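Observations on the model geometry
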Amino acid sequence: MSYRQILSAGLCAAALLGGVARAQTPPPANLALAREILAELIAINTVHDQGTLPAAEAIRKRMLAAGFAPADVTMLVIPGHPTQGQLLVRLRAKAAKAKPVLWISHLDVVEARREDWTVEPFVLTEKHGWLYGRGVQDMKGEIAALLAALVRARQEGFVPDRDMIFAFTSDEESGDANGVDWLIETQRPLVDAALVMNSDGGGGSMRGDQRLSYGVQTSEKVYVTFQLEATNKGGHSSIPEPDNAIYRLARGLSRVEAFKFPVATTPTTRGYFAKAAALESGQVAADMLAVSKEPADLAAAERLSATPARNARLRTTCVPTGLSGGHAENALPQRARAVIQCRMMPTDSEAAVRAKLVEVVADPGVEVSVVWPAAPAPDSPYDPALFARLTKVVQGMWPGVPVQPHMDLGASDSVYTRAAGMPSYAVGAIWSDVNDNRAHGRDERISTKGFAEAAEFDYRLIKSVASAR
């Protein structure tokens, strides 16, 4: 469906319903605004080296133009990082009946090289019902939909029961200027909240045109990066010696490849598998039910582990993602290094995983050190009242879709808010195809229809979580 067709469909649906906002897309003017914001954000390159300040400034201007008071639109720049802007937008309650809700979204994106793409990565391009551009999925499409929904609520005169704080931040993808971490550490009064919503995680999963389920992220795997390093005195390549740093590292990596961490489950993953079983059949459904119990059935877990995504939900994983060694083609290597990225179950710890890697490598000549330390955080609790509210919004848009707790396999800024004691739930608005996830990849895209639905979904979600009841 083209953008013009969606606008037309929104008009027709609104007319049929006598103006009641029950269409799957927002009013045409608001959808046009969402599209306009998305095009503007995609055109602003926010990779780490460029920074997020220009994008934050663009949003600041739009929020002021939408009627937000200057006191409710706050720009902050991290000291020592002049290009990394953080923008806070506050939708105020008249007389707050509860602590605020904090909504977090990151403005930065991963690098995209023009030669790798079939379209310009920093120009929003529509083709055959898809919107292409770096960040449309992760996560400028989510931000544009959220901003359009926020403007719509503000212009309709909506007043929440409690303040709603929307934070647009830096360096979630890479770099040392993470905005959410900095805000919590240095500006806590501005962002302190009873509840955190994060558009960068969770969300709906599809297979083709079939909607499978909607996951509310209550936890995520914790990443930690290690380095394996073998060193040697080296020498001339004309006289090979048995103790070679590259060979030594390679043997250690082979042992890491063959090793599997033990099965571990959490309340979130057990809840996920229990509900996911209803979407499967036969042995897979039975195995999912078996790992949703305590203790988990290890034979069932092994069968499920044949699928990489299911394996990642059942255990800590470690995989080499970088390799370097040697200093000259005619010299024996004095040093060989590998980068090992581990995604830990929330029940694991950096120290325990490092100790296991040392044991598995089984070579005192290969040093295992931490490159990027873990930032662990507890699961957010399963809140029945909140889940009932979220389920009502999801099924109001997509009737019958099951809503379930979800552990994200990747990382998000929720790790910082959870560690600060603020229950955090990721609720992405744009559905993704389990067989076509292009976040961080070439020709990143979202469906035009899905983007339009996201703007309506976020509008309903804002109004729902703004209630203090």
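Each remark here, short or long, concerns the structure printed above.
First, a word on what this report is: a plain description of the structure on this page. (Residues numbered from 1 in each chain as written. Predicted model: local features only at pLDDT ≥ 70, side-chain atom pairs only at ≥ 80, totals over all residues. Heavy atoms only, no water.)

What follows is about the pattern of salt bridges. Inspection of every chain in the model, using the stated rule, returns 29 salt bridges. A salt bridge links Arg152 to Glu156, with the nearest nitrogen and oxygen atoms 3.4 Å apart. Taking relative accessible area as the criterion, Glu156 reaches 48% and is therefore assigned partly exposed. A salt bridge links Arg188 to Asp192, with the shortest nitrogen-to-oxygen separation between them at 2.9 Å. If you follow the salt bridges from partner to partner, you end up with Asp72, Arg90, Arg92 and Asp163 in one network. (Salt bridge = Lys/Arg side-chain N within 4 Å of Asp/Glu carboxyl O. Buried < 20%, exposed > 50% of the residue type's maximum accessible area, 1.4 Å probe, protein only.)

On to empty space enclosed by the protein. All chains considered together, the criterion is met by three cavities of 30 Å³ or more. In this structure, the largest cavity encloses a volume near 40 Å³. In this structure, the largest cavity is lined by Ser219, Glu220, Val222, Ala377, Pro378, Asp379, Val415 and Arg418. Residue assignment for the lining of the largest cavity shows that the elements contributing at least two residues are strand E9 (210–220) and helix H14 (414–419). (1 Å grid on protein atoms, 1.4 Å probe; cavity = no way out; pocket = protein on both sides within 12 Å on 5 of 7 lines; lining within 4 Å. Points joined across faces, edges and corners; volume = space filled by probe spheres on them. Helix = DSSP H or I, 4+ residues; strand = E, 2+ residues; numbered from the N terminus.)

Right, let's talk about unusual backbone geometry for a bit. For the bond from Asp138 to Met139, the omega torsion is -10°, close enough to zero to count as cis. Here Met139 lies in helix H4 (residues 136–155). Pro295 follows Glu294 through a cis peptide bond whose omega is -5°. Residue position: Pro295 is located in the loop between helix H9 (282–291) and helix H10 (298–304). Backbone geometry at His440 places phi at a positive 70°, although glycine is not the residue there. Position of His440 among the secondary structure elements: in the loop between strand E18 (432–433) and strand E19 (445–447).

Turning our eyes to something else, we now look at the sheet that holds strand E10 (residues 222–231). The sheet built from four strands is open, its strands ordered E12-E14-E10-E15 with antiparallel pairing. Of all strands in the sheet, those with a lone pairing partner are strand E12 (317–325) and strand E15 (366–372), marking the two edges. Neighbour to neighbour, the strand axes of the sheet diverge by 25° on average, direction disregarded. As paired elements, E12 and strand E14 (residues 335–344) share eight bridges and run antiparallel to each other. Each residue of the ladder has a partner; that of Cys318, found in E14, is Cys342. Each of E10, E12, E14 and E15 is contacted by helix H7 (residues 245–258), which is oriented at about 15° to E14, the strand it contacts most. Packed onto the sheet, helix H12 (residues 350–361) meets E10, E12, E14 and E15 and runs at close to 35° relative to E10. (Pairing = 2+ DSSP bridges. Axes fitted to C-alpha atoms, helices over the stretch in contact; angles between N-to-C directions. Contact = heavy atoms within 4.5 Å.)

None of this, on its own, says anything about what the molecule does.
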